[in-house]
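# Structural overview for review
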Amino acid sequence: MTALPAQTQKKLGLVIDLDICVGCHACAVNCKEWNTGGHSAPLPDNDPYGADASGVWFNRIHSFEVVPEDGGDSRMVHFPKSCLHCEDAPCVTVCPTGASYKREEDGIVLVNPDTCIGCKLCSWACPYGAREYDDDAGIMKKCTLCVDRIYNETLPADMRVPACVSTCPAGARSFGDFGDPDSDVSKLSAARGGYALMPEQNCKPVNRYLPPRPRKTVAEEAMGGAGLTPVADSSAGVMARWLDKILSL
Amino acid sequence: MHPAKSVIFFTTASGAGYGVLILFILMDIAGLIPAGWHVTLISLGVALGLISAGLLSSTAHLGHPERAWRAMSQWRTSWLSREGLFALITFLPVLIYGAGRLVYPDMTTPWQPVVAALSVALALITVYCTAMIYASLRPIPAWSNGWTPVCYLILSLSSGAVLLNALSFFLGFASVFLILVSVVLLLAGLIVKIMYWQSIALASPRSTAESATGLGDMGKVKLFEAPHQGDNYLMTEMGFRIARKHAARLKRLVILWGFVFPIIAILLTRYSDGAITIGLLTISVLTAAIGLIAERYLFFAEAKHSVTLYYGESAV
């Protein structure tokens, strides 16, 4: 049924630390690699080596420039986005067939490929663009939170996390249960002011984003030691000053 | 939003079909439709033909049309499911009403008005469900507002009236009353459409690039680099932009062809006869159809979806 569960036993989701993410796209690549062989396999690639490549990806990294209103230094923020596994997931309730569903046990939102009619309405209903249409199969696909990894006892315990989390070289992604206030992700999100995207869309997303930490301005950095060592003033070493003199002859 | 041809045809054709159906039955209850079996067959045939063609075409954009029957199952939560279900249920009283009208053309049995009223009610509910599919989508503010169902209901009735008015001349129930009904409904359609456009133009944005990223506290958010150089499904389906560029011209086209031309053509039939009347009726139907298709195309294409905020749009 497309009615949402009143309560899920767990609220599995991701924390994405925008302060750490370096925008390397490794999470997207590993997501594609895992999922094109997993629960939703295959993920189509159209014209993969041509000029107009496109395909189904469950995770994409957008890079935003944030320009302060007061004219200060701009910041670059790399912004990975995948399904947020919303508590009030509109993609589930609009589904006319019941193919779209939210799991009562862990809150993961999935699509049943055998009953999806490919009407695409769920992709219209999702404010975040988490749904991806598979033209070859004629059905909708989406991030499964790697449901085929996280409970997979044939994998070593440390691999039982979503592919994007296990591959992030910077440690910008964490996975866990937001339903448990004492879980690592709940504590991390609380400590760093984790927030939900577009709360005004009333979807109650589970995933949380951690804001970039404040940074020194370019001017402050130049003043305070992080700048380049000045050449040939009194603070330079004896050897450096002597070399500077010789070479200036 | 990408304007799928099948969905544009579906919403306009079945909308007009339900409009014909509703107005025909209401006029029949009021005793304004003559008895003849050909009147029943042609009028209901046109209505049900348009409805069925629309419903069939709506399955054309599905990835798995053969599974379309499953779409009836989730009426508890899904307006699309409700729409499919009510569309199907409506056929039952309408067919009984039509069969009854063939046997008892003067509506002499006590059950005929009941079935007729039920048909009208279910047809109205079906059109309302169609509108609510769009009106319930919060990521698309141009659709999720109170004007959407109002426009769908009125335009269904006005397009139905134009068609029924044209049919009335051939089936022998042309009347000043039906001409007036058509003109009033067309004027009502024009007014609600203009008010709809006004309201979406004046509405403050529901979501912004700042709320989509949560980075608004730091400053203005601009897309620096998209995830990839090519297009993806989200961008082609939700990020359709061609019509927005021509929105002003399309609106003029809708106002003139969809409403003004049919009104003039219908009014002129009061002062014409013979071939000229047939010509005017043809013009009223054709211009109304072109205007309505342009209206629906614009309704889809002009609407912005919040996912575009991740692809360079600044407010939705």
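Procedures and definitions
Residues numbered from 1 in each chain as written. Chains lettered and ligands numbered in written order. Predicted model: local features only at pLDDT ≥ 70, side-chain atom pairs only at ≥ 80, totals over all residues. Heavy atoms only, no water. Helix = DSSP H or I, 4+ residues; strand = E, 2+ residues; numbered from the N terminus. Rg over C-alpha atoms; globule rule 2.2 N^0.38 Å. Buried < 20%, exposed > 50% of the residue type's maximum accessible area, 1.4 Å probe, protein only. Contact = heavy atoms within 4.5 Å. Areas by Shrake-Rupley, 256 points an atom, 1.4 Å probe, with all protein chains shown as cover. Lys, Arg positive; Asp, Glu negative; His and termini not counted. Charge placed at Lys NZ, Arg CZ, Asp CG, Glu CD. Pairing = 2+ DSSP bridges. Axes fitted to C-alpha atoms, helices over the stretch in contact; angles between N-to-C directions. Core = buried A, V, L, I, M, F, W, Y, C linked by side-chain atoms within 4.5 Å. Parallel < 35°, antiparallel > 145°, perpendicular 65-115°, else oblique. Left-handed = near helix turned anticlockwise from the far one by under 90°. Nonpolar A, V, L, I, M, F, W, Y, C, P; charged D, E, K, R; others polar. Buried area = accessible area lost by both parts, 1.4 Å probe. Salt bridge = Lys/Arg side-chain N within 4 Å of Asp/Glu carboxyl O. Polar contact = N/O pair within 3.5 Å; in protein donor to acceptor, adjacent residues only side chain to side chain. Phe/Tyr/Trp six-rings, centres within 6.5 Å; stacked < 30°, edge-to-face > 60°. Lys NZ or Arg CZ within 6 Å of the ring centre and 35° of its normal.

### A few points about the overall build of chain B
Within chain B one finds 11 helices and 1 strand. Reading chain B from its N terminus to its C terminus gives the helix and strand order α-α-α-α-α-α-α-β-α-α-α-α. The C-alpha atoms of chain B give 22 Å as radius of gyration, which agrees with the globular expectation for 316 residues (20 Å, within 12%). Counting only C-alpha atoms, chain B reaches 75 × 45 × 30 Å along its principal axes. Every one of the 316 residues in chain B was classed for burial, and the buried ones make up 53%. Taking contacts inside chain B between residues at least 6 apart in sequence as the whole, the part at least 24 apart equals 78%. Here chain B displays about 13,300 Å² of accessible surface, and carbon together with sulfur accounts for 71% of that area. Counting 20 positive and 13 negative side-chain charges, chain B places the averaged centre of each group 3 Å from the other.

### Let's talk about the sheet that holds strand β1 (residues 220-225) of chain B
Two pairing modes exist for strands in a sheet, parallel and antiparallel, and in both the strands are linked by backbone hydrogen bonds. Spatial ordering of the open sheet is given by β5(A)-β4(A)-β1(B), a layout of 3 strands whose pairing is antiparallel. A strand with exactly one partner marks an edge of an open sheet, and here the two such strands are β5 (75-81) of chain A together with β1 of chain B. On average, adjacent strands in this sheet sit at an angle of 35° to one another, irrespective of strand direction. Here strand β4 (residues 60-67) of chain A runs beside β1(B); their pairing, made up of 5 bridges, is antiparallel.

### Comments concerning the nonpolar core
Ranked by internal contacts, the top residues of the largest apolar core, which has 139 residues, are Trp143(B) and Tyr310(B). In terms of residue count, the dominant contributor to this core is helix α1 (residues 5-29) of chain B (12 residues). Discounting chain neighbours no more than four positions away, the residues touching Trp143(B) are Trp124(A), Met1(B), Tyr134(B), Ala135(B), Leu137(B), Thr148(B), Tyr196(B), Phe299(B), Phe300(B) and Ala303(B). With 5 residues, the next largest nonpolar core counts Val15(A), Phe178(A), Val185(A) and Val206(A) among its residues.

### Details of the packing of helix α5 (residues 147-171) of chain B against helix α6 (residues 176-202) of chain B
All names here are of chain B. Running from N to C, α5 and α6 cross one another at 155°; their axes reach a closest spacing of 8 Å. Regarding the angle of α5 to α6, the classification is roughly antiparallel. Between α5 and α6 the crossing geometry is left-handed. Here the residues of the contact of α5 with α6 sort into 18 nonpolar, 7 polar and 1 charged.

### Comments concerning the interface of chain B and chain A
Every contact between the two is made by 57 residues of chain B and, on the other side, 58 residues of chain A. Roughly 4,700 Å² is buried in total at the junction of chain B and chain A, and carbon and sulfur atoms are behind 60% of that figure. Together, Met218(B), Tyr233(B) and Tyr310(B) form the three largest contributors to the area buried by chain B at its contact with chain A, with a combined 14%. Joining chain B to chain A, the criterion identifies 1 salt bridge. Summed over the shared surface of chain B and chain A, the number is 31 residue pairs in polar contact (both at pLDDT 80 or more). Looking at the side of chain B that touches chain A, the elements that each hand over two or more residues are α3 (79-103), α4 (111-135), α7 (209-213), β1 and α8 (233-238) of chain B. Top element by residues in the side of chain B that touches chain A is β1(B). It accounts for 6 residues. Looking at side-chain class alone, the side of chain B that touches chain A contains 28 nonpolar, 19 polar and 10 charged residues.

### Regarding the pairing of strand β1 (residues 12-17) of chain A
Residues and elements named next belong to chain A. For β1, a buried count of 6 out of 6 residues is recorded, marking the element as mostly surrounded by other parts of the structure. Of the two faces of β1, the one lined by Leu12, Leu14 and Ile16 and the one lined by Gly13, Val15 and Asp17 are each fully buried. Relative to strand β10 (residues 173-177), β1 runs antiparallel, the two being bridged by 5 bridges. Its bridge partner being in β10, isoleucine 16 is matched across the sheet by arginine 173. Of the pairings in the sheet, the one linking β1 to strand β11 (residues 208-210) comprises 3 bridges and is parallel in character. Bridge assignment links isoleucine 16 to a residue of β11, and that residue is tyrosine 209.

### Topic: the pattern of salt bridges
Across all of its chains, the model carries 17 salt bridges over all chains by this definition. Arg192(A) serves as the salt-bridge partner of Asp17(A), at 2.8 Å between the closest nitrogen and oxygen. You can see Asp17(A) sitting in strand β1 and its partner Arg192(A) sitting in helix α6 (residues 184-192), a full 175 residues away along the chain. One salt bridge in this structure joins Glu65(A) and Lys222(B), with 3.8 Å as the shortest N-O distance.

### Quick notes on the sheet that holds β1(A)
All names here are of chain A. Across the sheet, 3 strands lie side by side as β10-β1-β11; this open sheet has mixed pairing. What marks the edges here is a single partner per strand, and that holds for β10 and β11. On average, each strand axis in the sheet is inclined to that of its neighbour by 25°, with strand direction left out of account.

### Focus on the packing of aromatic side chains
Scanning all chains against the criterion turns up 21 aromatic pairs over all chains. Seen in terms of ring centroids, Trp124(A) and Tyr134(B) are 6.4 Å apart; in terms of plane orientation they differ by 35°. Their pairing is tilted. With Trp124(A) in helix α3 (residues 121-125) and Tyr134(B) in helix α4, the pair connects residues from two separate chains. Across the pair, exposure class does not vary: Trp124(A) and Tyr134(B) are buried alike. Within the aromatic cluster, the residues linked to one another by ring pairs are Trp124(A), Tyr134(B), Trp143(B), Tyr152(B), Tyr196(B), Phe299(B) and Phe300(B). It is Arg82(B) that lies over the ring of Trp79(B); its NZ or CZ is 4.4 Å from the centre.

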